[in-house]
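Geometric and topological summary
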2 protein chains.
Amino acid sequence: MNRTLEHVLPKDIEKRSFEIITEELKNQGIAIREDKAFLIHRAIHTTADFDYARTLCFSENAISIMADLIKSGAHIVTDTNMGLSGINKAELKKHGGEVHCFMADEDVAKDARERGVTRATVSMERAAKIPENVIFAIGNAPTALISLKQMYDRGVFIPKFVIGVPVGFVNVEYAKELIMESTIPYIVNRGRKGGSNVAAAICNAVLYEIRNGRL
Amino acid sequence: MNRTLEHVLPKDIEKRSFEIITEELKNQGIAIREDKAFLIHRAIHTTADFDYARTLCFSENAISIMADLIKSGAHIVTDTNMGLSGINKAELKKHGGEVHCFMADEDVAKDARERGVTRATVSMERAAKIPENVIFAIGNAPTALISLKQMYDRGVFIPKFVIGVPVGFVNVEYAKELIMESTIPYIVNRGRKGGSNVAAAICNAVLYEIRNGRL
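In this text, all values refer to a predicted model and were calculated from it rather than measured experimentally.

Helix and strand counts for chain A stand at 11 helices and six strands. Its C-alpha atoms give chain A a radius of gyration of 17 Å, near enough to 17 Å, the size a compact globule of 215 residues would have. Each principal axis of the C-alpha distribution contributes one length, and for chain A these read about 55 × 35 × 35 Å. Across the 215 residues in chain A, those meeting the buried criterion constitute 60%. Taking all contacts inside chain A whose residues are at least 6 apart in sequence as the whole, residues at least 24 apart take part in 62%. Roughly 9,300 Å² of accessible area belongs to chain A as shown, and the carbon and sulfur atoms make up 48% of that amount. Computed over 28 positive and 27 negative side-chain charges, the separation of the two mean positions in chain A equals 1 Å.

Inspection of helix H4 (residues 62–71) of chain B places Ala62, Ile63, Met66, Ala67, Leu69 and Ile70 of chain B among the buried residues, and these make up the whole buried set. For H4 of chain B, the buried positions fall inside an angular range of 160° around the axis, keeping them on one side.

The next thing to look at is the sheet that holds strand E1 (residues 56–58) of chain A. Residues and elements named next belong to chain A. The six strands are arranged E1-E6-E5-E4-E2-E3 in an open sheet whose pairing can be described as mixed. Of all the strands in the sheet, the pair left with one neighbour each is E1 and strand E3 (99–100). Sheet topology note: the strand E5 (residues 161–164)/strand E6 (residues 186–189) ladder contains three bridges and is parallel. Each bridged residue has a counterpart across the sheet, and for Ile163 the counterpart in E6 is Ile187. Lying over the sheet, helix H4 (residues 62–71) contacts E1, strand E4 (134–138), E5 and E6, oriented at roughly 115° with respect to E5.

Reading the values: the criteria
- Residues numbered from 1 in each chain as written.
- Chains lettered and ligands numbered in written order.
- Predicted model: local features only at pLDDT ≥ 70, side-chain atom pairs only at ≥ 80, totals over all residues.
- Heavy atoms only, no water.
- Helix = DSSP H or I, 4+ residues; strand = E, 2+ residues; numbered from the N terminus.
- Rg over C-alpha atoms; globule rule 2.2 N^0.38 Å.
- Buried < 20%, exposed > 50% of the residue type's maximum accessible area, 1.4 Å probe, protein only.
- Contact = heavy atoms within 4.5 Å.
- Areas by Shrake-Rupley, 256 points an atom, 1.4 Å probe, with all protein chains shown as cover.
- Lys, Arg positive; Asp, Glu negative; His and termini not counted.
- Charge placed at Lys NZ, Arg CZ, Asp CG, Glu CD.
- Arc of directions from axis to C-beta.
- Pairing = 2+ DSSP bridges.
- Axes fitted to C-alpha atoms, helices over the stretch in contact; angles between N-to-C directions.

What follows is the structure in structure tokens.
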């Protein structure tokens with residue numbers, strides 16, 4: 001534990017944090033592919049949990065596919081208002097995109113109750129009707145991933161990109177594996193861990209990398 | 001890893017999750033004090049990280065002090081809009097309280113820039129002027145905790161309650177220890193881990209326990 005005060009200017013705190021993360025990964029002997037480091041580092045920065053260096057999984061060319069979608073104006077749909085709150089909407093807007101979360105909509109709740117499904121399931125069906133390309137940033141509900149996979153299996157909707165990082169204990173691991181078994185481009189955190197904060201961190205990592213001209 | 005689908009009704013997912021958490025803590029031989037279990041379980045539920053069973057620290061009677069504050073209409077000030085988004089505002093409102101986050105206010109940013117301090121520092125000074133009792137729910141900025149401790153040391157403001165769960169690598173552990181060395185009632189997650197999601201989970205755990213008549 002570091003109990004002494006480190007004098008770092010506000011503007012340098014994030015930079016210093018990433019240095020520490022890089023250093024510790026090296027000390028722990030964890031090798032990360034150079035082209036994914038910016039994203040894995042940001043997930044660790046958000047959680048202080050080095051497990052993400054081992055559990056984040058990427059489909060082929062996932063990052064460049066996601067970046068291209070953003071640059072062509074894709075929208076982001078998330079399954080929590082915390083996720084919506086955490087994603088940098090101003091950066092996304094520069095490319096024409098918007099962030100949506102339908103979870104708190106009254107008619108989503110009503111439809112879910114009547115059908116005995118989760119609000120996440122209904123939210124995903126609604127998201128499938130957005131005319132623009134959509135990146136799904138799922139940090140909470142495994143049923144959101146299951147719903148996307150079911151639409152994909154039935155051929156009614158092919159998600160362009162899924163960030164599958166729900167957290168939890170019931171069907172979370174199952175739902176993540178479902179996405180990874182499909183041909184949908186993904187970034188998934190294998191296992192139980194994840195969260196709205198991680199979903200937002202992944203979106204922001206790519207947005208900032210685009211801003212900095214590296215994607 | 002559990003890769004098979006468990007058939008659980010939407011309304012029972014949370015209950016089943018808490019059963020799994022209780023069971024695993026038992027299997028791992030981690031004993032938790034009965035009166036704190038509801039809160040520690042919710043932190044684990046939010047993160048899937050069992051570390052919280054070992055690192056969450058409570059000042060004497062912390063939970064009942066926090067519950068009494070809520071029941072008497074205390075407000076909550078958080079240091080991120082994600083935290084604000086995650087705290088159950090409808091439950092807090094039943095007792096007369098509101099949730100605030102000043103981080104994105106234009107004049108907070110301006111003041112911080114001019115003084116070379118973080119926006120969190122300025123936000124805490126602003127929160128100290130709220131006439132109602134305030135519970136601080138800090139999930140991101142160690143400088144928020146340092147600012148609160150400095151006001152406390154100068155005798156200009158005595159925080160009624162601090163949830164100190166910032167996440168990170170620079171001065172996070174230092175700031176948490178500062179709070180724990182004071183006489184301020186607290187719930188602190190020792191170490192680097194925490195987050196806005198954890199801060200919100202702690203607030204909601206106490207709100208729901210009050211709603212269920214157990215506090």
